[in-house]
Amino acid sequence: ESIVERLSKDDSGVRDQLFRYAESQFHRMYLAARKAQKKPNVLAIECCHSPRLLKAFTGKETEFKRHGITAESVPVFHGTDSVACKAILKEGFKIGGKDIAIQNAEYYGSGVYLAEVPDTSHSFAKDGQMILASLLPGRTSDNVHCDRNKFESLCKPYHQQDDQRFYLAFSKEQVLPLCVVHYEGLDHS
């Protein structure tokens, strides 16, 4: 069973370290993409601890290594609404059109849509929150018509901005939800 724990800036020890990791990743990647001076305010972090999801993720990592596929994870963001955030933390990601109804356009096909920078995911986020996750991209292609039996994910620039890549993971086991970042101070420009 998943345990969701709310962290705040006033926590100490390991809880503070988890909060600071999520907060710094959010700020660093936001500012890098926007080249902006103003940073959003992180209000709280909800961390997820799910042995079942971790087992599926590490199982996929082991499978990648066994087949000679790169198994290095990258931090990514996923924007959605508060109801979906809670469900993802408890049950893991689902493939739109396969495991769950499609929430947004399925522009590049079925999968889990993720971004390296929170600015990209913010346009899909509702209620001032988004998920920080760990992704095993595996072998990536930038061809939307790639053979999904030969690649584990699609990786493309977002709106032709090379420094803002998004990923489309073809398997839900490739993505481990880590926490929900609650924030304010971003616009949709």
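Residues numbered from 1 in each chain as written. Predicted model: local features only at pLDDT ≥ 70, side-chain atom pairs only at ≥ 80, totals over all residues. Heavy atoms only, no water.

K.L.:
Quick one: what's the story with the packing of aromatic side chains, residue by residue and with numbers?
P.N.:
Overall, the coordinates contain 1 aromatic pair when judged by the stated rule. Relative to Phe-166, the ring of Tyr-113 lies with its centre 6.4 Å away and its plane at 15°, an arrangement referred to as stacked. Of this pair, Tyr-113 sits in strand S4 (residues 112–115) while Phe-166 sits in strand S8 (residues 161–169), and the two are 53 residues apart along the sequence. Given the relative accessible area of 25%, Tyr-113 is considered partly exposed. We classify Phe-166 as buried; its relative accessible area is 6%. (Phe/Tyr/Trp six-rings, centres within 6.5 Å; stacked < 30°, edge-to-face > 60°. Helix = DSSP H or I, 4+ residues; strand = E, 2+ residues; numbered from the N terminus. Buried < 20%, exposed > 50% of the residue type's maximum accessible area, 1.4 Å probe, protein only.)

K.L.:
Tell me about the nonpolar core, residues and numbers included.
P.N.:
One finds Phe-93, Val-112, Leu-114, Ile-131, Leu-135 and Val-175 to be the most contacted residues of the largest nonpolar core, which totals 17 residues. Residue assignment for this core shows that the elements contributing at least two residues are helix H3 (82–91), S4, strand S5 (129–135), S8 and strand S9 (175–184). Among all residues touching Leu-135, those that are not within four sequence positions of it are Glu-72, Ser-73, Val-74, Val-76, Leu-114, Tyr-167, Ala-169, Gln-174 and Val-175. Among the nonpolar cores identified, the runner-up in size contains 13 residues, and Ala-22, Phe-77, Cys-179 and Val-181 belong to it. (Core = buried A, V, L, I, M, F, W, Y, C linked by side-chain atoms within 4.5 Å. Contact = heavy atoms within 4.5 Å.)

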